[in-house]
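Now for the letters of each chain:
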Amino acid sequence: MTKTTFRGLGLASVAVLLMMGVSSPANASTTDDRSSDTVTQEALAAAATNNVLFRWRDSGNREVVLRSLPYNKILTKHNLTHTTPRAVTQHANRTFDAGTSWKYRRAANEVQCDWLGNNCKVIRTVTVRTVVDFRAYDSAGTYGVVTAYCEGISGACPDFVKNALNQ
């Protein structure tokens with residue numbers, strides 16, 4: 001039986017690749033050994049266990065984590081990357097949401113300039129909301145980012161939002 005294995009990648013990276021539908025990254029190889037079954041099963045188990053993929057400090061120097069399950073939804077449903085909630089939490093003040101959750105809001109501007117790159121104007125502004133739950137969750141720390149999305153937009157955020165905030 002031919003399987004794809006992911007050599008040189010950490011388990012969290014494999015889980016993210018599998019969630020994103022990537023079946024063969026540049027460093028993947030095809031082999032006939034049964035160890036690839038184990039790697040795939042472990043990666044899927046890691047995604048199902050909601051493990052921590054990213055860590056950073058927010059604007060108040062509090063630790064924020066992004067776990068695999070919320071990240072999958074942020075990536076696939078809301079068209080945002082892992083750096084978007086990081087940018088929002090690092091550059092916005094937080095306000096109380098409910099329980100142990102706090103919300104952060106940051107505006108992203110779509111800018112249009114003339115052909116020389118001058119006379120730039122803001123065409124529209126979309127606010128990104130990131131909700132973080134600081135309750136203790138497991139040995140890896142707090143639950144962390146619950147969601148990140150564009151306010152007033154159902155589904156995917158426009159591409160300019162992640163491009164504006166991910167710089």
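Located above this text is the structure these notes cover.
Model, not experiment: these values are computed from the prediction. (Residues numbered from 1 in each chain as written. Predicted model: local features only at pLDDT ≥ 70, side-chain atom pairs only at ≥ 80, totals over all residues. Heavy atoms only, no water.)

A short note on the pairing of strand β3 (residues 52-57)
- Strand direction decides the pairing type here: β3 and strand β4 (residues 63-67), joined by five bridges, are antiparallel. In the sheet register, R55 faces β4, and the bridge partner there is V65.
- Hairpin connection between β3 and β4: a loop of five residues separates the two successive antiparallel strands, and N61 in this loop has a positive phi of roughly 65°. (Pairing = 2+ DSSP bridges. Helix = DSSP H or I, 4+ residues; strand = E, 2+ residues; numbered from the N terminus.)

Focus on the sheet that holds strand β7 (residues 121-138)
- Taken in spatial order, the four strands of this open sheet run β5-β6-β7-β8, and their pairing is antiparallel. The open sheet terminates on both sides in strands that have one partner only, identified here as β5 (94-98) and β8 (141-150). Across this sheet, the average inter-strand angle for adjacent strands is 35°, counted without regard to direction.
- Pairing analysis gives four bridges linking β5 to strand β6 (residues 101-112), with the strands arranged antiparallel. The residue of β6 that forms the bridge with F96 is W102.
- Strand contacts of helix α4 (residues 83-90): β6, β7 and β8, with the helix running at about 90° to β7, the strand carrying the most contacts. (Axes fitted to C-alpha atoms, helices over the stretch in contact; angles between N-to-C directions. Contact = heavy atoms within 4.5 Å.)

Topic: α4
- Counting buried residues in α4 gives six out of eight residues, a clear majority hidden from the surface.
- Of the positions making up α4, those classed as buried are T83, T84, P85, A87, V88 and T89.
- Looking at the buried residues of α4, the elements they touch are β3, β4, β6, β7, β8 and α5 (159-165). (Buried < 20%, exposed > 50% of the residue type's maximum accessible area, 1.4 Å probe, protein only.)

What to know about the side chain of N79
- Within the element layout of this structure, N79 appears in the loop between α3 (68-76) and α4.
- Under the relative-accessibility criterion, N79 is labelled buried at 18%.
- At a separation of 2.8 Å, a polar atom in the side chain of N79 contacts the side chain of D159.
- Setting aside chain neighbours within four positions, we find N79 in contact with I74, A156, C157, P158, D159 and K162. (Polar contact = N/O pair within 3.5 Å; in protein donor to acceptor, adjacent residues only side chain to side chain.)

A word on the pattern of salt bridges
- Applying the stated criterion across every chain yields a total of eight salt bridges.
- One salt bridge in this structure joins R67 and D138, with 2.9 Å as the shortest N-O distance. With a gap of 71 residues between them, R67 in strand β4 and D138 in strand β7 connect regions that are remote in the sequence.
- On the basis of relative accessible area, R67 is assigned to the buried category, the value being 0%.
- We classify D138 as partly exposed; its relative accessible area is 35%.
- Close ionic contact of R124 with E110 constitutes a salt bridge, the shortest N to O distance being 2.7 Å. Separated by 14 residues along the polypeptide, R124 in strand β7 and E110 in strand β6 bring together distant segments of the chain.
- Of the residues examined, R124 reaches a relative accessible area of 40% and is grouped as partly exposed. (Salt bridge = Lys/Arg side-chain N within 4 Å of Asp/Glu carboxyl O.)

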